[in-house]
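One-letter residues, chain by chain:
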Amino acid sequence: FFAVRVKLQNVLVFVVLMLVWHAIFCLFGLYEPRRFSAGKGEVLDVAKATALATVVVCAAKLLCRLDMVTPVSLAIFWFTSTATLTLSRLAIRHIVERSRVRGRNLRNIEITGTNPRAVRFAQGIEANPALGCRVLGFVDREWSGMEAFRLAGYPLACDFEGFPRLLRERAIDEVVIALPMKSLYFQASRIIALAKEQGTVVRLLTNLFNLKLAGSEAEKFEDVSVITLLPNSAENWQHLLKR
């Protein structure tokens, strides 16, 4: 390999392969934070991404006639890249989780909705300090199940009308929406729009379906799917609800 004279064609092929690998890793969400996902899911995604990327290298061998790329070298390359990425990511995950348990890298979360699903989500967060999430309070209006919510011991920060002021005055990193969309679509849509204006990440709890939207990530936590909407992609969820 080191005896091969480097040509402009080799440099171009290398650059193209780097870009393709980057696109593949983006496709599998390897550059996105995975606070709520399990480690085994990340390992599986790494194996899939490196396998697909190795297939791209094999295709480059056939198209550009790269004699140095052999089946044995491809197998070694896939195994080495997969093992390196897996071990490094697991090590980083362990270090980050330890720091979160010690009170660092915490995220302040406000949950909209006081139904049992929202309460279970909050309890799951409290039971997993390695997630590094801190529930500041809940946002909802008065309804028939409010008494059961109060028995759980969580604070009600405000109602829907007071949410804009709450978002401005408190350091909220993420807003979790656990509202019934069929009856409270307007309130959920307004909250998403306000969070987008403040640059706040929105997470949606649902056990009805699992979505994959542009600019969003779906993770499994407890018994629900957690769909993360980045601030620049919040309108995707609003468009979906209108259908």
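Residues numbered from 1 in each chain as written. Predicted model: local features only at pLDDT ≥ 70, side-chain atom pairs only at ≥ 80, totals over all residues. Heavy atoms only, no water.

**Overview of the confidence of the model for the protein chain**
Of all residues in the protein chain, 84% have pLDDT values of 70 or greater, and the mean over the chain is 82. Taken as a whole, residues 208-216 scores under 50 in pLDDT and shows 21 contacts with residues more than four places along the chain or in a different chain. In the predicted structure, residues 239-243 sits below a pLDDT of 50 and forms 4 contacts with residues beyond four places in sequence or in another chain. (pLDDT = per-residue confidence, 0-100. Contact = heavy atoms within 4.5 Å.)

**Thoughts on unusual backbone geometry**
Its identity is not glycine, yet N105 carries a phi of approximately 55°, on the positive side. As for its placement among the helices and strands, N105 is situated in the loop between α3 (71-101) and β1 (107-112). Overall, N105 belongs to the partly exposed group, its relative accessible area being 43%. (Helix = DSSP H or I, 4+ residues; strand = E, 2+ residues; numbered from the N terminus. Buried < 20%, exposed > 50% of the residue type's maximum accessible area, 1.4 Å probe, protein only.)

**A short note on helix α2 (residues 39-64)**
The end-to-end C-alpha distance of α2 is 37 Å, a good match for the 38 Å that 26 residues give at a rise of 1.5 Å each. Listed as buried for α2 are E42, D45, V46, A49, T50, A53, T54, V57 and A60. (Expected span 1.5 Å × (residues − 1).)

**Describing the packing of α2 against α3**
In the contact formed by α2 and α3, the axes pass within 9 Å of each other and the chain directions differ by 150°. Taken together, α2 and α3 sit at an angle that is classed as roughly antiparallel. Between α2 and α3 lies a crossing of right-handed hand. Residues G39, E42, V43, V46, A47, T50, A51, T54, V57 and C58 of α2 lie in contact with α3, whose contacting residues are L74, F77, W78, S81, T82, L85, T86, R89, L90 and R93. When the residues that make up the contact of α2 with α3 are grouped by side-chain class, the tally is 11 nonpolar, 6 polar and 3 charged. (Axes fitted to C-alpha atoms, helices over the stretch in contact; angles between N-to-C directions. Parallel < 35°, antiparallel > 145°, perpendicular 65-115°, else oblique. Left-handed = near helix turned anticlockwise from the far one by under 90°. Nonpolar A, V, L, I, M, F, W, Y, C, P; charged D, E, K, R; others polar.)

**Side note on the pattern of salt bridges**
Applying the stated criterion across every chain yields a total of 7 salt bridges. The partner of R150 in a salt bridge is E142, and the shortest N-O contact between them spans 2.7 Å. Here R203 and E174 are joined by a salt bridge, their closest N and O atoms 2.6 Å apart. Separated by 29 residues along the polypeptide, R203 in strand β5 (residues 201-206) and E174 in strand β4 (residues 174-177) bring together distant segments of the chain. Across this residue pair, the class does not change: R203 and E174 are buried. (Salt bridge = Lys/Arg side-chain N within 4 Å of Asp/Glu carboxyl O.)

**Let's talk about helix α4 (residues 116-127)**
In a regular helix each residue adds 1.5 Å, so 12 residues correspond to 16 Å; α4 covers 16 Å between its end C-alpha atoms and thus fits that length. Burial in α4 covers these residues: R117, A118, V119, F121, A122, G124 and I125.

**Describing the nonpolar core**
Ranked by internal contacts, the top residues of the largest apolar core, which has 20 residues, are F163, V175, I177, L179 and I191. For this core, the elements supplying multiple residues, two or more each, are α6 (163-169), β4, α7 (185-198) and β5. Counting residues per element, this core draws most heavily on α7, at 5 residues. Every residue in contact with L179, bar those within four places of it in the chain, is listed here: T112, G113, N115, R117, D140, F160, L184, A188 and I191. Core analysis: the next-biggest nonpolar cluster, separate from the first, contains 19 residues, F36, V119, A122 and L205 among them. (Core = buried A, V, L, I, M, F, W, Y, C linked by side-chain atoms within 4.5 Å.)

**Some words on the packing of helix α1 (residues 8-27) against α2**
Two elements in contact, α1 and α2, have axes whose closest approach is 10 Å; the angle formed by their N-to-C orientations is 155°. Compared by their axis directions, α1 and α2 come out roughly antiparallel. Viewed along their axes, α1 and α2 form a crossing whose handedness is right-handed. Taking contact as the criterion, the partners of Q9, V13, L17, V20, W21, I24 and F25 in α1 are, on α2, A49, T50, L52, A53, T54, V56, V57, A60 and C64. For the contact of α1 with α2, the residue count by class is 13 nonpolar, 3 polar and no charged.

**Notes on the side chain of T82**
Inspection of the secondary structure assignment puts T82 in helix α3. In this structure the side chain of T82 is engaged in a polar contact, spanning 2.7 Å, whose partner is the backbone oxygen of W78. In contact with T82, other than residues within four places in its own chain, are V46, A47 and T50. (Polar contact = N/O pair within 3.5 Å; in protein donor to acceptor, adjacent residues only side chain to side chain.)

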